[in-house]
Amino acid sequence: MKYKVASLFAGVGGICLGFKNAGANIIWANEMDKWACETYKHNFNHPLIESKIEDVDLNSIPNIDILTSGFPCTSFSIAGYKKGFEDEKSGHLFMETLKVIKTTQPQVIFLENVKNLLSHDNGNTFTVIKEALADAGYFFKYKVLNSMEYGNVPQNRERIYIIGFKDKKHCDMFKFPSPIRLTKTIHDIINPTIQKDSKFYYENSKYYPMLSAVMKNRNTTYQLRRVYVRENKNNVSPTLTAHMGTGGHNVPLVIDNYGFRKLTPKECFMFQGFPANYKLPSSIANTHLYKQAGNSVTVPVVERIAKNILAVLKKSSFNSSSNSNIIYFPLNHKRLL
């Protein structure tokens, strides 16, 4: 049995690809950014609703087992929650995710966000989220995972993952993946012998003297700021951000056989754990592709979490079929927060 997944704020499909690789069936997705939609459609064939989440007809979402959401984090208060979490005027995207959760009632919810969600608004934002999920009938666990520690991907990227279950037994059974040793290096992504387009190099830039004075290590990446160059001492990529698509020098730099250059969009996707054959439309400008890579997730981390989720569901399904004459009576459990 393949468990059915729907994806909110699907972006270019990082979460979807992780669940697909784990063995789930992605059947529906929603994304509003037209350029991200183009990349998504080049790699998936199921229905993609190209609109704001507020405009999605909730009753049109098919029956699913798992709902994923990489919702953007914006501020809202405890007071706002007390006024009514369904307040249409709030405009908060987590509230929209919550509406979908309540409508579709999936067995599992998978939420991903920045690490700072934990401390945002002095912790009030996360308190509201926890209370809202519990009130919606979900038991859940959460953890901050770094891509280079949990995905064997050479990028220093910390994200919080919140995994919720309708069934407390499932939540109790679920465990986040354990750390794994980082064996991949930037050279698993960067091939220094292949020359890239001249637009990626800095030889004719006014910053070249500053770069040449600092960039000596071929085994790591660098960050160029207006007045200095920073070497990443852990020999991995820094956290890729959406700001890479805003121009300037936000894209990490490397040394190859032809000089100092910025990462290409394809390489940025690969630093997020996307395979080399993931399709990036040639019609999309690099600025949009850089933004897409920075906004995405690290695919192998999602895949490892997804495998653990599916293992719980499959084990529970097997036990249920093997003990079909056993009746379980519900108990009053305190929700896991």
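Residues numbered from 1 in each chain as written. Predicted model: local features only at pLDDT ≥ 70, side-chain atom pairs only at ≥ 80, totals over all residues. Heavy atoms only, no water.

Colleague: Where do I start with the overall build of the chain in this structure?
Modeller: Broken down by element type, the chain carries eleven helices and eleven strands. Put simply, the chain has 337 residues, and 50% of those count as buried. A fraction of 70% describes how many contacts in the chain between residues 6 or more apart in sequence connect residues 24 or more apart. Total accessible area on the chain is roughly 16200 Å²; 49% of this is exposed by carbon and sulfur atoms. (Helix = DSSP H or I, 4+ residues; strand = E, 2+ residues; numbered from the N terminus. Buried < 20%, exposed > 50% of the residue type's maximum accessible area, 1.4 Å probe, protein only. Contact = heavy atoms within 4.5 Å. Areas by Shrake-Rupley, 256 points an atom, 1.4 Å probe, with all protein chains shown as cover.)

Colleague: Help me understand the packing of helix α4 (residues 93-104) against helix α5 (residues 124-135) in this model?
Modeller: Helix packing geometry: the angle between the two helix axes and the distance between the axes. Here α4 crosses α5 at 10°, and the two axes come no closer than 11 Å. In terms of orientation, α4 and α5 fall into the roughly parallel class. Along its contact with α4, which presents F94, L98 and I101, the element α5 presents I129, A132 and L133. When grouped by side-chain class, the residues that make up the contact of α4 with α5 number six nonpolar, no polar and no charged. (Axes fitted to C-alpha atoms, helices over the stretch in contact; angles between N-to-C directions. Parallel < 35°, antiparallel > 145°, perpendicular 65-115°, else oblique. Nonpolar A, V, L, I, M, F, W, Y, C, P; charged D, E, K, R; others polar.)

Colleague: Explain helix α2 (residues 34-41) here, please?
Modeller: In an α-helix there are 3.6 residues to a turn, and that puts residues three or four apart on one side. Among the residues of α2, those classed as buried are A36, C37, T39 and Y40. Axial view of α2: buried residues confined to an arc of 165°, hence all on one face. Buried residues belonging to α2 abut α1 (14-22), β2 (25-31), β3 (48-50) and α10 (286-295). For α2, the N-terminal cap is D33; the gap from its side-chain oxygen to the backbone nitrogen of W35 is 3.0 Å. (Arc of directions from axis to C-beta. Polar contact = N/O pair within 3.5 Å; in protein donor to acceptor, adjacent residues only side chain to side chain.)

Colleague: It is not clear to me how the sheet that holds strand β4 (residues 66-69) should be interpreted in this structure. Could you clarify?
Modeller: The strands making up a sheet are joined through hydrogen bonds of the backbone, oriented either antiparallel or parallel. Within the open sheet, the seven strands sit side by side as β3-β2-β1-β4-β5-β7-β6. Their pairing is mixed. The open sheet has two free edges, formed respectively by β3 and β6 (139-146), since each of these has just one partner strand. Looking at each pair of strands side by side, their axes are set apart by 15° on average, direction ignored. Both β4 and strand β5 (residues 108-114) contribute to a ladder of four bridges, which runs parallel. Considered in β5, the bridge of L67 is made with I109. Packed onto the sheet, α4 meets β1 (4-8), β4 and β5 and runs at close to 175° relative to β4. Here α5 sits on the sheet and contacts β5, β6 and β7 (158-165); the angle it forms with β6, its principal contact strand, is near 140°. (Pairing = 2+ DSSP bridges.)

Colleague: Which parts of the structure should I look at to understand the pairing of β5?
Modeller: Within a regular beta strand, the side chains point alternately toward one face of the sheet and then the other, so they alternate between its two faces. Most of β5 is tucked away, with six of its seven residues classed as buried. Inspection of the sheet shows β5 paired to β7 by seven bridges, in the antiparallel sense. Paired with V108 across the bridge in β7 is F165.

Colleague: Teacher, can you tell me more about the pattern of salt bridges here?
Modeller: When their charged atoms lie close together, side chains carrying opposite charge are able to pair. In total, this model carries eleven salt bridges according to the counting rule given. In this structure, the salt-bridge partner of K115 is E158, at a minimum N-O distance of 3.1 Å. Of the two residues, K115 is situated in the loop between β5 and α5 and E158 in strand β7; the sequence distance between them amounts to 43 residues. Overall, K115 belongs to the partly exposed group, its relative accessible area being 37%. Residue classification places E158 among the partly exposed positions, given a relative accessible area of 33%. For D167, the salt bridge goes to K169, with nearest N and O atoms at 3.5 Å. Under the relative-accessibility criterion, D167 is labelled partly exposed at 25%. (Salt bridge = Lys/Arg side-chain N within 4 Å of Asp/Glu carboxyl O.)

Colleague: Mind showing me how you'd approach the packing of aromatic side chains here?
Modeller: Remark: the centre distance and the inter-plane angle together describe each pair of aromatic rings, the angle taken between the planes. Summed over all chains, the structure comprises eleven aromatic pairs. Taking the centre distance of 4.8 Å and the plane angle of 80° together, the rings of F126 and Y142 count as edge-to-face. One end of the pair, F126, is in helix α5; the other, Y142, is in strand β6, with 16 residues separating them in the sequence. Owing to a relative accessible area of 4%, F126 belongs among the buried residues under this scheme. Residues F274 and Y278 carry aromatic rings whose centres are separated by 4.7 Å and whose planes lie at 55° to one another, so their mutual orientation is tilted. (Phe/Tyr/Trp six-rings, centres within 6.5 Å; stacked < 30°, edge-to-face > 60°.)

Colleague: Would you explain the environment of T298 in this entry?
Modeller: As for its position among the elements, T298 is in the loop between α10 and α11 (299-322). Relative accessible area serves as the criterion here: at 1%, T298 is assigned to the buried category. For T298 and M148, which are 150 residues apart along the polypeptide, the C-alpha to C-alpha distance reads 9.5 Å. Dropping the residues within four chain positions of it, T298 is found in contact with S147, V153, Q155, R157 and Q272. Within the structure, the side chain of T298 is placed 3.0 Å from the side chain of Q272, a separation counted as a polar contact.

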